[in-house]
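Take a look at the letters that make up each chain.
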Amino acid sequence: MAIGQTPIYKDPNQPIEARAKDLVSKMTLEEKVLQMMHTAPAIPRLDLPAYNWWNEALHGVGRSGSATVFPQAIGLGATFDSDLALRVSSVISDEARAMYNAAIAKDYHQKYGGLTFWTPNVNIFRDPRWGRGQETYGEDPFLTSALGVAFVKGLQGEDPKYLKTAACAKHYAVHSGPERLRHEFNAVASKKDMFETYLPAFHALVDADVEAVMCAYNATNGEPCCSNKYLLQDLLRKDWGFDGHVVSDCWAVVDFYEGHKNVKNVTEAAALAVNSGVNLNCGDEYPALVDAVKQGLITEETIDNTLAHLLETRFKLGMFDPKENVPYNNISPEVINSKEHRALAKEVATKSIVLLKNNGVLPLKNDLPTYYVTGPSAANVESLVGNYYGVNPEMVTVLEGITKAIEPGSQLQYRPGVLLDRENVNPIDWSSDVAAISDATFMVMGINGLIEGEEGESIASEHFGDRLDYNLPKNQIDYLKKLKKDNDNAVIAIVTGGSPMNLAEVQEIADAVLLVWYPGEEGGNAVADIVFGKTSPSGRLPITFPKSLDQLPNYQNYDMEGRTYRYMKEEPLYPFGYGLSYTTFNYSDIQLSSTTARKKKIEPITVSALVKNTGKYEAEEVVQFYITDKEGSARTPLYSLKGVKRIKLKPGASERVSFSITEDMLSLVDNEGKSILEKGDFDIFIGGSLPDKRSNALGMPAVAKSTLTLK
């Protein structure tokens, strides 16, 4: 290179691939392997700043100071709204850029300060015992794919040259507990279950150009996920054409020799990971690659190619380009937790809340003489945030939201009344009797991140964050019984949590039951809007609530038979897709543009139904479209969600809602994992819930049904 000539890697007009290769060519082997770790150090002689790849944005920028805190991912799943997911992640990436711009201006390069976010989690929430299920969008591959794709698009932005932030599909693949065994566990899944349930969302995110994929701790079908040639090479790179980078889950490479024991030591583990296609090491194992090269376990050329591919992400983020070239460098800190962002957080929380029961007490007037707020989660920030959360100075608890919403002149009392998960030490009860003299009592109960979550987060969990006991803490149920005993006034149960739980007694005792998940910073205001009728509830369950764990297979069994609404034949407590409203809807006049199709040439078929608001309240309705293959040669789902649309109708108003039936919706995944098209009849359903008997028994309207024949 001539004196004064700009190096290729510093020239923004050069192709990114060439720039990355040029930068790598100027490093020593020791420098290269350190750049492949999540704590990549600076190389001053190359003007390469330090960079920490580890950042989180599950439901808002996490662990990085003040940020807008949206409802936990499972709550976003309960909205069934991919457009809303796009808006949420667009706001998150705005705030992420603002934080990054401010940090770089101060020369800060610390953990949780970068632009590479290890989200979304598109694992399937196949079993309610998994403590991290709250991080997912639920149990359905279609819904998970739709929300995940939208979330990736919002995080990564629309600029043709630069990424706004880099999203990551995790945890690849077939990963959903047990938490305690994740460093050694082997998840065994059939090809049918892999391609029908566990893999579709990952494939969808790859098709949406997600920048990164995180390989999981556990093994899948005998091979640790971070050294699984089939998953990382054959499927991800070759079949799906993934062109981003792969990051190990944190210290998953250690599990090669400490948990799975498929290698002897750190040197072999590091070489195996890179040779398998893992570009980035979350952990501290890759320095051993220097010895691995000396031992002939890996070539320096392989390291060069792996690092170059990884560095392309930093180039796409504009980290080495003039500031004025990158449009996102102008986003300022004023956007962080702004009025507009808080309004969106409230909208998501409101749309996520699921009304499980209402005997007519809701909505309440906000000017009754007396209200009583009680329960372990009423004034608890922990019950707003779930896990992987951010913070800010204005976290609105349920107590604060309800207090703010009532009219002057009305009285409100508050006492926690009961501890979260154990009996009160002091047996004197000054709390439960207040309910009998109050016009309405709000019992804010359930679980939080102390009880369910990730391995080391849930400090009150003896099962490393998993919930092997499906029941709510007995002391909470006993307290709810006291509140309702000899009390004809309204007792409303407001339940927090991120997973299915046994609410059978709560359903029986309380006059109304609201599931509010972990509703984020505006959770209290959203709850108030629902209970006082400013908004009708419209959330839907993105996961089945069984009556007991006895209805499910063993937790460690990854076979989908008997799991989720698609394969569970036992009657649940609450079905997937369920959620009541303050109004009523009627579904009628289902129409197919054609009731038959030819297998050799399937043109898209339109199906529609008339939806009418037959009640007294304006409300949003989550219209759900399901297909059942009645005659498959292999096991077929009882129902499969294939489309969702949110509509808003005034009382008496109606709207015809349409969906398109495409060939892939009629295809069957056979026992070899292949999608095939077979002749036969298909039941077509459009309704506000799963088209099963339990939904009807709980008060959901009948669905509109028709049949399509494939010849």
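Our structure's up above, just so we're on the same page.
Calculation notes
- Along each chain, numbering runs from 1 in the same order as the chain's sequence is written.
- For this predicted model, a pLDDT threshold of at least 70 governs which residues receive local features, and a threshold of 80 or more governs which side-chain atom pairs are given and counted, while totals over whole chains, interfaces and linings are taken from all residues.
- Side-chain descriptors were evaluated using all non-hydrogen atoms of the structure, hydrogens and water having been removed beforehand.
- Angles shown run from 0 to 180 degrees and are taken between the N-to-C directions of axes, each axis being a line fitted to C-alpha atoms and, for helices, limited to the stretch in contact.
- A run of H or I in DSSP becomes a helix once it reaches four residues, and a run of E becomes a strand once it reaches two; helices and strands are each numbered from the N terminus.
- Any angle that is under 35 degrees is reported as roughly parallel, and any over 145 degrees as roughly antiparallel; angles of 65 to 115 degrees are reported as roughly perpendicular and all others as oblique.
- Less than a right angle of anticlockwise turn of the near helix away from the far helix marks a crossing as left-handed, whereas a clockwise turn marks it as right-handed.
- Any two residues whose heavy atoms approach within 4.5 Å at even a single point are treated as in contact.
- Residues belong to a common nonpolar core when they are buried Ala, Val, Leu, Ile, Met, Phe, Trp, Tyr or Cys residues joined through side-chain atoms within 4.5 Å.
- The rule is simple: take the accessible area with a 1.4 Å probe, protein chains only, and divide by the maximum for that residue type; under 20% is buried, over 50% is exposed, in between is partly exposed.

S.K.: Mind showing me how you'd approach the packing of helix α15 (residues 398-405) against helix α18 (residues 523-531) here?
M.R.: The packing of two helices is summarised by the inter-axis angle and the distance between the axes. At a minimum axis separation of 7 Å, α15 and α18 run at an interaxial angle of 50°. Here α18 runs oblique to α15, going by the angle between their axes. As α15 packs across α18, the resulting crossing turns out to be right-handed. Facing α15, whose interface residues are V398, G401, I402, K404 and A405, α18 presents G524, N525, V527 and A528.

S.K.: Would you mind going over the nonpolar core with me for this structure?
M.R.: The nonpolar side chains of a soluble globular protein tend to be buried with one another. If you look at the biggest cluster of nonpolar residues, it comprises 126 residues, and the most contacted ones within it are W118, Y172, L236, Y286 and L289. When residues in this core are grouped by element, the largest group, eight residues, is from helix α4 (residues 82-105). Excluding anything up to four places from it in sequence, Y286 contacts V33, M36, M37, A270, A273, V274, V278, N279, L280 and N281. Counting 75 residues, the second largest nonpolar core, distinct from the first, contains I406, L503, I530 and L549.

S.K.: Just checking my understanding: could you explain unusual backbone geometry for this structure?
M.R.: What you tend to see is this: most non-glycine residues have negative phi, and most peptide bonds are trans. The step from T119 to P120 runs through a cis peptide bond, and the omega angle for that step is 10°. Topologically, P120 is positioned in the loop between α4 and α5 (141-156). Y172 connects to A173 through a cis peptide bond whose omega is 0°. Along the chain, A173 falls in the loop between β3 (168-172) and β4 (186-187).

S.K.: What's the story with the side chain of E621 in this structure? I'm lost.
M.R.: Looking at where E621 falls in the secondary structure, it is placed in strand β18 (residues 619-629). You can call E621 buried: its relative accessible area is 2%. Residues contacting E621, with those up to four places away along its chain left out, are R540, F585, Y587, K645, R646, I647 and G688.

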